[in-house]
Amino acid sequence: MLVDIGINLTNTRFDKDRDLVISRALEADVVKLLITGTCEKSSEQALNLCQQFPAVLSTTVGVHPHDADNVSERYIEKLTSLAQSPSAKAIGECGLDYNRNFSTPENQRRVFQQQVELAANLSMPLFLHQRDAFDDWLDILTPYVDKVPAMVTHCFTGNKSQLLQCLDMGMYVGITGWLCDKKRGQELRDIVKYIPLDRLMVETDGPYLTPQNIKPKPKSSRNEPMYLPYIIEMLTECMGYSKQEIIDCSYQNSIKVFTLND
């Protein structure tokens with residue numbers, strides 16, 4: 001059994017066949033899906049979806065750094081309210097992204113800091129985003145290492161030094177189809193062996209990052225949870241563990257951190 005800890009199921013690319021996407025996930029033995037909340041609206045939409053498929057779906061609630069410029073005046077109150085739902089399992093996707101700077105770095109840091117504090121106040125895990133902002137991101141997180149139940153660095157694409165720093169802080173590491181990208185994923189393939197099995201999680205980040213090792217190549221470029229086993233295959237090749245070890249450990253880590261059986 002597998003858990004997809006990061007699926008953007010509220011994305012409009014799933015509007016026409018969302019039920020079928022969930023059915024295909026279950027057929028592929030992906031038995032739990034954690035929807036990624038990226039703003040106030042999508043977090044609320046995700047919770048509504050969870051009510052339709054409570055045995056399969058859970059969600060994070062939060063604001064992605066791309067949306068930091070657009071938060072409402074009382075967005076923390078809104079997230080606090082959403083987080084009361086039994087389907088809400090973490091605060092996020094929150095963090096910093098200086099690669100595109102769709103929101104100003106100042107607003108990104110402010111909104112990230114506030115969400116980290118919210119996770120500490122609510123004793124909820126953090127579902128984290130970081131791109132080209134590692135030092136500032138780590139500086140904000142470091143004081144909270146012992147104040148939140150867990151930190152998950154979602155869609156990790158950093159270098160060895162960054163990976164080891166995340167592991168030293170006790171973080172869990174989410175691996176996506178980036179690992180299967182022939183060009184961009186080589187550095188990640190070289191370093192995933194340093195991730196202990198008790199810190200490993202897997203995710204599609206669908207509809208993005210479709211694994212390139214799918215054969216035959218799918219007609220659609222859209223990624224979805226049924227493709228999660230292809231990430232497992234690449235992890236098996238790179239880490240030196242058996243497929244079953246990776247499946248079992250990533251599953252148990254995800255269930256424990258996000259309390260998915262509660």
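Everything below is about the structure shown above.
What counts and what doesn't
- Each chain has its residues counted from 1, running along the sequence as written.
- The predicted nature of this model means local features are confined to residues of pLDDT at least 70 and side-chain atom pairs, given and counted, to a pLDDT of 80 or more, with totals for whole chains, interfaces and linings taken over all residues.
- With hydrogens and water excluded, all non-hydrogen atoms of the structure serve as input to the side-chain values.
- In this text, helices come from DSSP runs of H or I with a minimum length of four residues, and strands from runs of E with a minimum of two, each type numbered from the N-terminal end.
- Radius of gyration here uses only the C-alpha atoms, and the compact-globule reference equals 2.2 Å multiplied by the residue count raised to the power 0.38.
- By the convention used here, residues are in contact when the closest approach between their heavy atoms is within 4.5 Å.
- Per-residue accessibility takes into account occlusion by the displayed protein chains alone, with areas from the Shrake-Rupley method and a 1.4 Å probe.
- Under this rule, positive means Lys or Arg and negative means Asp or Glu; His and the chain ends count for nothing.
- For this purpose, a charge sits on NZ of Lys, CZ of Arg, CG of Asp or CD of Glu.
- Using only the protein atoms, space was sampled on a 1 Å grid; points where a 1.4 Å probe fits but cannot get out form cavities, open sets with protein on both sides within 12 Å along at least five of seven lines form pockets, and lining residues are those with an atom within 4 Å of a point.
- Grid points are joined across faces, edges and corners, and a volume is the space filled by probe spheres set on the points.
- Each nonpolar core is a collection of buried residues, namely Ala, Val, Leu, Ile, Met, Phe, Trp, Tyr and Cys, held together in the definition by side-chain atoms within 4.5 Å.
- For each residue, the accessible area found with a 1.4 Å probe, counting protein chains only, is set against the maximum for its type, and the residue is called buried under 20%, exposed over 50%, and partly exposed in between.
- Strand pairing is defined by DSSP finding a minimum of two bridges between the two strands.
- Only the contacting stretch of a helix is used when fitting its axis, a line to C-alpha atoms as for every element, and angles between N-to-C directions run 0 to 180 degrees.
- Polar contacts, as counted here, are pairs of nitrogen or oxygen atoms within 3.5 Å of one another; within protein the pair requires one atom able to donate a hydrogen and one able to accept it, and residues that are adjacent in sequence qualify only if both atoms are side-chain atoms.
- The rule for a salt bridge is simple: a side-chain nitrogen of Lys or Arg has to be within 4 Å of a carboxyl oxygen of Asp or Glu.
- Stacked, edge-to-face and tilted are the three classes for Phe, Tyr and Trp ring pairs, Trp counted by its six-membered ring, which pair at centre distances within 6.5 Å; planes under 30 degrees apart are stacked, over 60 edge-to-face, the rest tilted.
- As a reminder, the over-ring test applies to NZ of lysine and CZ of arginine, requiring each to be within 6 Å of the ring centre and within 35 degrees of the ring normal.

> Explanation requested: the overall build of the protein chain in the structure shown.
Broken down by element type, the protein chain carries 9 helices and 8 strands. Here the C-alpha atoms of the protein chain give a radius of gyration of 17 Å, agreeing with the 18 Å that 2.2 N^0.38 yields for 262 residues. When contacts within the protein chain are restricted to residue pairs at least 6 apart in sequence, those whose partners lie at least 24 apart make up 73%. Accessible area of the protein chain: about 11,600 Å², with a carbon and sulfur share of 46%. Here the protein chain carries 27 positive and 34 negative side-chain charges, and the mean point of each set is 6 Å from the other.

> I'm lost on the layout of surface pockets in this one. Help?
One water molecule sets the probe size; rolling that probe over the atoms shows where empty space is left. Volume-wise, the largest pocket comes out at about 700 Å³. Around the largest pocket, the lining is made up of 26 residues, and of these His64, His66, His129, Asp205 and Tyr208 lie nearest the centre. Listing elements by their share of the lining of the largest pocket, those giving two or more residues are β4 (88–97) and β5 (126–131). Here the lining of the largest pocket takes 3 residues from β5, the largest share from any one element.

> I keep staring at the nonpolar core and nothing clicks. Help me out?
Nonpolar side chains tend toward joint burial in soluble globular proteins. Residues Leu57, Leu126, Trp137, Leu141, Ile175 and Leu235 are the most contacted members of the largest nonpolar core, which totals 76 residues. Not counting the four nearest positions on each side in its chain, leucine 235 is found in contact with Ile175, Leu179, Val192, Leu200, Val202, Gly240 and Ile246. Counting 15 residues, the second-largest nonpolar core is a separate cluster that includes Val3, Ala90, Ala150 and Val257.

> I'm lost on the sheet that holds strand β8 (residues 200–202) in this one. Help?
Within a sheet, each strand pairs with its neighbour through backbone hydrogen bonds, oriented either parallel or antiparallel. Taken in spatial order, the 8 strands make up an open sheet running β1-β2-β3-β4-β5-β6-β7-β8, and their pairing is parallel. Either end of the sheet is taken by a strand with one partner, and the two such strands are β1 (2–7) and β8. Between one strand and the next, the sheet's axes are offset by a mean angle of 30°, whatever the strand orientation. Where strand β6 (residues 151–153) and strand β7 (residues 172–175) come together, 2 bridges link them in parallel fashion. Along β7, the bridge assignment pairs valine 152 with tyrosine 172.

> Before we go on, may I ask you to explain the side chain of histidine 154 in this structure?
With respect to the helices and strands, histidine 154 occurs in the loop between β6 and α6 (160–168). Here glutamate 93 takes part through its side chain, which lies 3.3 Å from a polar atom of the side chain of histidine 154. Those residues in contact with histidine 154 that sit more than four places away from it in its chain are Glu93, Phe127, Leu128, Gly174, Glu203 and Asp205.

> Just to check I follow, could you spell out the side chain of glutamate 203 for this structure?
In this structure, glutamate 203 sits in the loop between β8 and α8 (228–239). Arginine 184 provides the closest opposite charge to the buried, salt-bridge-free glutamate 203, at an N-O distance of 14 Å. Within polar-contact distance, the side chain of glutamate 203 engages the backbone nitrogen of cysteine 155 at 2.7 Å. Discounting chain neighbours no more than four positions away, the residues touching glutamate 203 are Asp4, Ile5, Gly6, Phe127, His154, Cys155, Gly174, Ile175, Thr176, Gly177, Leu228 and Ile231.

> What should I look at first to understand the packing of aromatic side chains in this one?
Here the distance between the centres and the angle between the planes together describe a pair of aromatic rings. One pass over the full model with this rule turns up 3 aromatic pairs. A centroid spacing of 6.5 Å and a plane angle of 65° characterise the contact between phenylalanine 127 and phenylalanine 258, whose relative ring orientation is edge-to-face. In this pair, phenylalanine 127 sits in strand β5 while phenylalanine 258 sits in the segment after α9 (243–257), placing the two residues 131 residues apart along the sequence. A residue is classified by how much of its surface remains accessible, and phenylalanine 127, at 0% relative accessible area, is buried. Relative to tryptophan 137, the ring of phenylalanine 134 lies with its centre 5.6 Å away and its plane at 40°, an arrangement referred to as tilted. Note that phenylalanine 134 and tryptophan 137 are positioned in helix α5 (residues 134–141) at a spacing of 3 residues, about one turn of the helix. On the basis of relative accessibility, which here comes to 6%, the residue phenylalanine 134 falls in the buried class. Seen from the ring of tyrosine 144, lysine 147 lies directly overhead, with NZ or CZ sitting 5.4 Å from the centre.

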